[in-house]
Amino acid sequence: MTTSRPEIATKQSGFRGDVQGLRAIAVGFVLIYHAGVPFLPGGYVGVDVFFVISGFLITSHLLRSLAVEGRIHFADFYARRARRILPAALTVLVLTVVASVIWVPPLQLKAMLQGAIATAFYVPNYYFALIGTDYLGEETPSLFQHYWSLGIEEQFYLFWPAVLALGFVVFRRSRGALFAFVAVLTGCSFVACVLMTTADQPWAFFSLPTRAWELGVGGLVAFLLGSRSGQGASTSRAPKRWAAVSSPLLSWAGLAGLAAAGVLFTDGTSFPGFSAALPVLATALLIIGGAGRAGLPQRILSIRPLLFIGAISYSLYLVHWPVLLIVQAAVGVRDPLPVWATAGLAVLCVPLAWLLFRFIETPARNPRALTKARPRRSLLVAGSASIVIAALCGAGIVAVGTIPLHSQRSAPAYTAGANPSGTDFVPENLRPELREASDANPIISDNGCHLDFAETDATGCQFGPDDAPDVALFGDSHAAHWFPPLAELADQGRIHLDSNTKSSCNSVTVVSTLNNEPYPECDQWRQNVIDRFVADPPDVVILANFARSTDVDHGSEDFDSYWEEGIVDVVRSLPASTDVIILGETPVMGITPSICLSAHLDDADYCGLAPEEAIDDGALNAERQAAEATGARLLDLNPYICDADLCPPIIGDVLVYRDGHHLTVPFTTGLAGVFADAIESRL
């Protein structure tokens, strides 16, 4: 999100109204996307537009400094950046923390404060990469998630002046050599982005090395629009050599590219990777096109409403996300705001952003006490404010850890049974406790038996006596959450368990993708496991998978038929002597129940969901038909999870879900007897 911009007055030297209007388009894209308005599913590319604009303006400024003075005043540069960026950012941060304490579910407060600390220290992007945030599909996004782009820019500003100054010296002031140097760095960053998008999408999305190329493209545009004499880049007029090509044609092509990205991209688009090149290059074309003869695109981008939104775009970007999330938290996660309400909130953010722009952002740019002093005073004030805020948030983390997350009542012990009655409060004897829910994984998640994305080893993990019936578990993380009851049977000596599970890799023969990219390690692992079963047939194979995790862009007439065909194919690939049990699709809650429960300690049913909403009947019927076609048995465990009216989040003294669709160890362990009956009926 750019913060380097001139004032709104169109008469000032070097001001480009079309670039200001382009900022308005960019922030509008982001607001429409976050508000959930359906006609712009790729609105998240607005951030990429900001990156290019920032790279262009900052590089233009630095090139002028090098050309005119032969040096960069680092202290002055960083002081100006601090005054432009931090006052508004830290103000919104503090207000967001205060509002969160009032309205956000208690279980989210620790993560909220951790995000605030990362933001105060200008590294929110790396925090979100470390915790594996899926920006385009996160169920419970952080209130500071939008600060990731600000982190990218702050880190870019930290290194970019030194990079240009070093190149300026090394290449002996050769503008062409410096341009080539920047082009090589930009290209390397783009290659890293493409490769990392396939290997680890969160790091590709959030890290500076994989995003710097977008700002680098803006920097290259600054070089291209610079004068022949090397006086830096002009933000108002292009040199004569560009006059012929900087035409409305380039601008129309840029507008078309942005429109295509906004309309055609979706949350399922592999991003950033190659896809990010479209909005980045489109923005570059618009900046280049606007530097020549002004055409209709420039006149449209320079209309007063867009100039106004462009001027407050930084403040608008900062305030919109916490407003949307905090209002939703205040209303309740089980009552999602309709689109008209979220769109209305987005509009309401405009006057809020103007207030922030008028009374915080603008005055902070040139406060007399700081600008009359040496630049280090601005940096000292900014650093001190960040440290104080981070320290207070750290103390807050300790404090929220003492908040009781249960009612003052106990619940009877959980006993597995059909049509279960939920516990309509959070008992003090809950297993696992709400704070421990997200980490309540089966032991195979920690001992190396549940394979990570890159692993293809098909030897499996063995449990129980060798002379017991050989039962193989085969599938993705949904198979892994059924490991505990089978391990219980293995511990009792009733079965020999052969566990074969892998992250985001189902055992059904379907298209394998990871972060919308090909997932060959999954295909290889699946086939390796099947080959091992063929060579040494187990007595029973239990197939368990999350149907909704697979790629729906498969070219088949409908997903349910595609899912059924995949199950039939894998069952028929197994040895004829092996009996097969297919575990049916289980509920998807749409939220993380433990977070919801922390705000509804005496109304737990609010955090449940009706069976018809939680259970994918299409996938379940496909599994049933596949069982009938192959002679396998479908084991539908939903009657033990839901009654006729509700899939409750708590049954007895047990929390059912550790997240939106994975079941907890205590709950699944209680179903060991059901598994024993199903297995023995197949032997």
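Values in this document were obtained by computation on a predicted structure and should not be read as measured data.

With that out of the way, let us pick up helix α25 (residues 617–630). The terminal C-alpha atoms of α25 lie 20 Å apart, and with 14 residues this matches the ideal 20 Å at 1.5 Å per residue to within 8%. Residues Gly 618, Ala 619, Leu 620, Ala 622, Glu 623, Ala 626 and Ala 627 constitute the buried set of α25. Buried residues along α25 sit against α22 (559–573), β8 (579–583) and β9 (633–635). The opening residue of α25, the one whose side-chain oxygen lies 3.1 Å from the backbone nitrogen of Gly 618, is Asp 616. Directly beyond the C-terminal end of α25, a positive phi value near 80° is found at Gly 631.

For the rest of this paragraph, the subject is the packing of helix α1 (residues 17–34) against helix α15 (residues 313–331). Helix-helix packing is characterised by the crossing angle of the two axes and by the distance between the axes. Running from amino to carboxyl end, α1 crosses α15 at an angle of 5°, the nearest separation of the two axes being 10 Å. By the angle between their axes, α1 is roughly parallel relative to α15. Facing α1, whose interface residues are Arg 23, Val 27, Val 30, Leu 31 and His 34, α15 presents Ser 313, Leu 316, Tyr 317, His 320, Trp 321 and Leu 324.

Before going further, it helps to spend a moment on the pairing of strand β7 (residues 540–544). β7 sits mainly inside the fold: five of its five residues count as buried. What you see with β7 is no split at all: Val 540, Ile 542 and Ala 544 on one side and Val 541 and Leu 543 on the other are buried throughout. Relative to β8, β7 runs parallel, the two sharing four bridges. In the strand pairing of β8, Val 540 is matched with Asp 579.

This part is about a nonpolar patch on the surface. Residues Phe 308, Leu 348, Leu 352, Trp 354, Leu 355 and Phe 359 make up a contiguous nonpolar surface patch of about 540 Å² in total accessible area. With five residues, the single largest contributor to the nonpolar patch is helix α16 (residues 339–365). Along the chain, Trp 354 turns up in helix α16.

Right, let's get into the state of the cysteines. Within this structure, the stated rule accounts for four disulfides. In this model Cys 449 forms its disulfide with Cys 461; the gap between the sulfur atoms is 2.1 Å. Where Cys 449 bonds to Cys 461 through sulfur, the torsion about that S-S bond is close to -100°, and the disulfide is left-handed. With a gap of 12 residues between them, Cys 449 in the loop between α18 (375–400) and β1 (450–451) and Cys 461 in strand β2 (residues 461–463) connect regions that are remote in the sequence. Cys 461 sits in the buried class, given a relative accessible area of 17%. Note that Cys 642 is cross-linked by a disulfide to Cys 647, the S-S spacing being 2.0 Å. On the sign convention where negative means left-handed, the S-S torsion of about 95° between Cys 642 and Cys 647 marks this disulfide as right-handed. With a relative accessible area of 4%, Cys 642 lands in the buried category.

Moving on: the environment of Arg 494. Of note, Arg 494 is situated in the loop between α20 (483–491) and β4 (496–502). Residue Arg 494 is classed as partly exposed on the basis of its relative accessible area, which comes to 38%. Sequence spacing of Arg 494 and Ala 468 is 26 residues, and the spatial spacing of their C-alpha atoms is 6.1 Å. Excluding its chain neighbours within four sequence positions, the residues that come into contact with Arg 494 are Ala 468, Pro 469, Leu 489, Ala 676 and Glu 680. A distance of 3.3 Å separates a polar atom in the side chain of Arg 494 from a polar atom in the side chain of Gln 492. Here the side chain of Arg 494 touches Glu 680 through a polar contact of 3.1 Å, side chain to side chain.

Rules used throughout
Residues numbered from 1 in each chain as written. Predicted model: local features only at pLDDT ≥ 70, side-chain atom pairs only at ≥ 80, totals over all residues. Heavy atoms only, no water. Helix = DSSP H or I, 4+ residues; strand = E, 2+ residues; numbered from the N terminus. Expected span 1.5 Å × (residues − 1). Buried < 20%, exposed > 50% of the residue type's maximum accessible area, 1.4 Å probe, protein only. Contact = heavy atoms within 4.5 Å. Polar contact = N/O pair within 3.5 Å; in protein donor to acceptor, adjacent residues only side chain to side chain. Axes fitted to C-alpha atoms, helices over the stretch in contact; angles between N-to-C directions. Parallel < 35°, antiparallel > 145°, perpendicular 65-115°, else oblique. Pairing = 2+ DSSP bridges. Patch = residues over 30% accessible without salt bridge, like charges linked within 9 Å, V, L, I, M, F, W, Y side chains within 5 Å. Areas by Shrake-Rupley, 256 points an atom, 1.4 Å probe, with all protein chains shown as cover. Salt bridge = Lys/Arg side-chain N within 4 Å of Asp/Glu carboxyl O. Disulfide = S-S within 2.5 Å.

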